[in-house]
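Notes for the structure review
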Amino acid sequence: MLSAEEIRQLAMECDIDRIGITSALPYSETAVIIEARRRDGLIPPDFVGAGKDTSHFCTPSFLVTEARSVITAAMSYFIEEEADSSGPGTPRGIVARYT
């Protein structure tokens, strides 16, 4: 099994910008937040997992029964672009949806 430091080193070698490692225990606080947002209509109906039991969505062992850790990796997809072409009062932009 790899250590956290070995995982971080591999991530750097793969040009991964951020890496997070946590236990595979249920995310009980997250489940409460998701349920509140669902009740408030803040989670789109087509969001992956929106129709599922939140406890399944927030419990890594439902997907991988013997999981001990969860590793999250992030890479920036930012690319250099020309200056913003929007004018005063007509801003433009795109914000990523839940992924």
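These lines cover the structure that appears in this document, whether it is placed above or below. (Residues numbered from 1 in each chain as written. Predicted model: local features only at pLDDT ≥ 70, side-chain atom pairs only at ≥ 80, totals over all residues. Heavy atoms only, no water.)

**Let's talk about the overall build of the protein chain**
Along the backbone of the protein chain there are 3 helices and 2 strands. Across the protein chain, helices and strands are ordered from the amino to the carboxyl terminus as α-β-α-α-β. Relative to its full complement of 99 residues, the protein chain shows a buried share of 13%. Across the protein chain, every contact between residues at least 6 apart in sequence was considered, and the portion connecting residues at least 24 apart equals 63%. (Helix = DSSP H or I, 4+ residues; strand = E, 2+ residues; numbered from the N terminus. Buried < 20%, exposed > 50% of the residue type's maximum accessible area, 1.4 Å probe, protein only. Contact = heavy atoms within 4.5 Å.)

**Concerning the nonpolar core**
Nonpolar side chains in soluble globular proteins tend to end up buried together. By size, the foremost hydrophobic cluster in this structure holds 5 residues: A31, I34, I43, F47 and C58. Ignoring sequence-local partners within four residues, the contact set of A31 consists of T54 and C58. (Core = buried A, V, L, I, M, F, W, Y, C linked by side-chain atoms within 4.5 Å.)

**Some thoughts on helix α2 (residues 28–39)**
Its 12 residues place the ends of α2 17 Å apart at the C-alpha level, agreeing with the 16 Å of an ideal helix rising 1.5 Å per residue. With its phi angle positive at about 75°, G41 sits one or two positions after the end of α2. (Expected span 1.5 Å × (residues − 1).)

**Section: the environment of T22**
Mapping T22 onto the fold places it in strand β1 (residues 18–23). C-alpha separation for the pair T22 and S69, spaced 47 residues apart in sequence, amounts to 5.6 Å. Those residues in contact with T22, other than ones at most four positions away along the chain, are Y27, R68, S69 and V70.

**Comments concerning the pattern of salt bridges**
Under the defined criterion, the tally for this structure stands at 1 salt bridge. In this structure, E35 and R38 form a salt bridge, with 3.0 Å as the shortest nitrogen-oxygen distance. Here E35 pairs with R38, and both are found in helix α2, just 3 residues apart, close to one helical turn. Look at E35 and you get partly exposed, because its relative accessible area is 29%. Judged by its relative accessible area of 26%, R38 is partly exposed. (Salt bridge = Lys/Arg side-chain N within 4 Å of Asp/Glu carboxyl O.)

**Side note on the environment of T30**
You can see T30 is positioned in helix α2. Expressed as a C-alpha distance, the spacing of T30 and C58, which sit 28 residues apart in the sequence, is 7.0 Å.

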